[in-house]
Amino acid sequence: MTKIPTAMETTTTLPYNAEAERSVLGSILLDKSLFSNVSLIINKPDFFYLENHQTLFKAILELATNHQPLDVIPVSEKLKQQGKLERIGGIPFLTSLTDEVVASESNVNFYAEIIKEKFIRRELSRVGHDIISTSCNQTIGFEDCVSKAQQLVFEVTKEKNKN
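Peer 1: In this structure, what is going on with the nonpolar core? I would like to understand it.
Peer 2: Taken as a class, soluble globular proteins show a tendency for nonpolar side chains to be buried jointly. Residues Val24, Ile42, Leu56, Phe57, Ile60 and Leu94 are the most contacted members of the largest nonpolar core, which totals 37 residues. When residues of this core are traced back to their parent elements, those giving at least two are helix 2 (18–30), helix 3 (34–41), helix 4 (51–65), helix 5 (72–81), helix 6 (85–88), helix 7 (90–99), helix 8 (105–136) and helix 9 (142–160). Setting aside its immediate chain neighbours within four residues, Val24 contacts Val38, Ile42, Phe48, Val108, Tyr111, Ala112 and Ile115.

What follows is the structure, given as structure tokens:
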């Protein structure tokens, strides 16, 4: 019997692009107006792979929802109130994001698309693992197994086709 390798056996790192993540976050911190376009492409913190980037984007989303400024000072204050500022690297981390980018709408949209693609690839990896587990579970009927696999893939493709 041939053993099917799991996702973790075939790859050591899930897809992500730290530079694109940093560039998008830094661009938003420099120019709040870029957030509206980015939020059409990246609509939840999970799109970011690195935990500190997820935490930062979540704070940005919360501030944006309340129509507050999105620069370093209000974002750092929000993170401080949540007890997360030091966990993500503090103010030096936030300012390093703004030091490294030249904010432009075309660049930030391009980088946001890279982040979205990497997120979808990670989701496909997760779904692939789930499909393998489901297909190997002999207590699940064949039709239910196929239906679950289709549903899992559909959910990922639905995310891809947004916007």
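Additional details are given in the paragraphs that follow.
Peer 1: Help me out: how do you make sense of helix 2 in this one?
Peer 2: Its 13 residues place the ends of helix 2 18 Å apart at the C-alpha level, agreeing with the 18 Å of an ideal helix rising 1.5 Å per residue. The buried fraction of helix 2 amounts to 11 of the 13 residues, a majority that puts the element mostly inside the structure. Along helix 2, the residues classified as buried are Ala18, Ala20, Glu21, Arg22, Ser23, Val24, Leu25, Gly26, Ser27, Ile28 and Leu29. Of the surrounding secondary structure, the elements contacted by the buried residues of helix 2 are helix 3, helix 4, helix 5, helix 7 and helix 8. For helix 2, the side-chain oxygen to backbone nitrogen distance between the N-cap and Glu19 is 3.1 Å, and the N-cap itself is Asn17.

Peer 1: Before we go on, may I ask you to explain the pattern of salt bridges in this structure?
Peer 2: Pairs can form between side chains of opposite charge whenever their charged atoms are close. The full count for this structure, using the stated rule, is 7 salt bridges. Ionic pairing is found between Glu77 and Lys80, a salt bridge with its closest N-O pair at 3.8 Å. Here Lys80 and Glu77 lie together in helix 5, a separation of 3 residues that amounts to about one turn. Overall, the relative accessible area of 48% leaves Lys80 in the partly exposed class. The shortest N-O distance in the salt bridge between Glu117 and Arg121 comes to 2.9 Å.

Basis of the calculations
Residues numbered from 1 in each chain as written. Predicted model: local features only at pLDDT ≥ 70, side-chain atom pairs only at ≥ 80, totals over all residues. Heavy atoms only, no water. Core = buried A, V, L, I, M, F, W, Y, C linked by side-chain atoms within 4.5 Å. Buried < 20%, exposed > 50% of the residue type's maximum accessible area, 1.4 Å probe, protein only. Helix = DSSP H or I, 4+ residues; strand = E, 2+ residues; numbered from the N terminus. Contact = heavy atoms within 4.5 Å. Expected span 1.5 Å × (residues − 1). Polar contact = N/O pair within 3.5 Å; in protein donor to acceptor, adjacent residues only side chain to side chain. Salt bridge = Lys/Arg side-chain N within 4 Å of Asp/Glu carboxyl O.

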